[in-house]
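Listed below, chain by chain, are the residues.
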Amino acid sequence: MPAPFNKEQLFCPTETALGIIGGKWKGMILWCLSRRTMRFGELHRAMPDITQRMLTKQLRDLEAFRIIDRKVYPEVPPKVEYSLSAHGLALKPILDDLELWSRDYLETNIKPEAGR
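Residues numbered from 1 in each chain as written. Predicted model: local features only at pLDDT ≥ 70, side-chain atom pairs only at ≥ 80, totals over all residues. Heavy atoms only, no water.

Draft legend 1. How the structure looks around the pattern of salt bridges. On inspection of all chains with the given rule, the structure shows eight salt bridges. For Lys-26, the salt bridge is made with Asp-61, and the minimal N-O distance between the two is 3.6 Å. Taken together, the residues Lys-26 in helix H2 (residues 26-35) and Asp-61 in helix H4 (residues 52-64) connect sequence positions 35 residues apart. Overall, the relative accessible area of 10% leaves Asp-61 in the buried class. When the shortest N-O distance is used, the salt bridge between Lys-79 and Glu-81 registers 3.7 Å. Under the relative-accessibility criterion, Glu-81 is labelled buried at 19%. One network of salt bridges, in which partners are shared, links Arg-35, Lys-92, Asp-96, Glu-99 and Arg-103. (Salt bridge = Lys/Arg side-chain N within 4 Å of Asp/Glu carboxyl O. Helix = DSSP H or I, 4+ residues; strand = E, 2+ residues; numbered from the N terminus. Buried < 20%, exposed > 50% of the residue type's maximum accessible area, 1.4 Å probe, protein only.)

Draft legend 2. Molecular detail of the side chain of Glu-81. Along the polypeptide, Glu-81 turns up in strand S3 (residues 79-84). Engagement of the side chain of Glu-81 in a polar contact is seen with the side chain of Tyr-73, the distance being 2.8 Å. In this structure Glu-81 touches Thr-37, Met-38, Arg-39, Asp-69, Arg-70, Lys-71 and Tyr-73, once residues within four positions along its chain are discounted. (Polar contact = N/O pair within 3.5 Å; in protein donor to acceptor, adjacent residues only side chain to side chain. Contact = heavy atoms within 4.5 Å.)

Draft legend 3. Spatial organisation of the sheet that holds S3. Ordered in space as S1-S3-S2, the three strands form an open sheet in which the pairing is antiparallel. Every interior strand has two partners, whereas the edge strands, strand S1 (38-39) and strand S2 (68-73), have only one. Two strands pair when backbone bridges link them, and S2 and S3 are joined in this way by six bridges, in the antiparallel orientation. When the sheet's bridge partners are listed, Val-72 is paired in S3 with Val-80. (Pairing = 2+ DSSP bridges.)

Draft legend 4. Local environment of the packing of aromatic side chains. The final tally for this structure, using the stated rule, is one aromatic pair. Geometrically, the ring pair formed by Trp-101 and Tyr-105 is stacked, given 5.4 Å between the ring centres and 20 degrees between the ring planes. Of this pair, Trp-101 and Tyr-105 both sit in helix H5 (residues 86-109), four residues apart, roughly one helical turn. A cation over an aromatic ring shows up here: Lys-79 above the ring of Tyr-73, its NZ or CZ 4.8 Å from the ring centre. (Phe/Tyr/Trp six-rings, centres within 6.5 Å; stacked < 30°, edge-to-face > 60°. Lys NZ or Arg CZ within 6 Å of the ring centre and 35° of its normal.)

Draft legend 5. Expanded view of the nonpolar core. Core analysis: the largest hydrophobic core is formed by 21 residues, its most contacted members being Ile-29, Leu-30, Leu-33, Leu-43, Ile-67 and Ile-68. Listing elements by their share of this core, those giving two or more residues are H2, H4, S3 and H5. It is H2 that provides the largest number of residues to this core, a total of four residues. When residues no more than four places from it in sequence are discounted, the contact partners of Ile-68 are Leu-30, Leu-33, Leu-59, Leu-62, Glu-63, Tyr-82, Ser-83, Leu-84 and Ser-85. (Core = buried A, V, L, I, M, F, W, Y, C linked by side-chain atoms within 4.5 Å.)

Draft legend 6. Structural detail: the environment of His-87. With respect to the helices and strands, the residue His-87 is situated in helix H5. Overall, the relative accessible area of 52% leaves His-87 in the exposed class. When the C-alpha atoms of His-87 and Ile-67 are compared, they prove to be 5.4 Å apart, with 20 residues separating the residues in sequence. If we skip the residues at most four places from it in the chain, His-87 touches Arg-66 and Ile-67.

Structure, rendered in structure tokens:
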């Protein structure tokens, strides 16, 4: 499991949170799983630019931090589903607020191209 912070450094709760859920792909993974439980292939189709290897790594990191749950069904072929854990569900209102903030930011600060 990657370390979210170094105990020798000053403690910053925001930095800890961003160390756990930050990065290029984790936000999108959490956004998808905040909508519903998904299988690996569904997540991969929702994020076509991510490699399978990177998706696997990001899912493992989030699982190691107990932000998501991984459920394996004993059948052939194996069925695996990912969902938000209790800690992950606690992030949902924050993710929803972040989405609203982002939409407002884009509407306020990003000007549409001329002629569109």
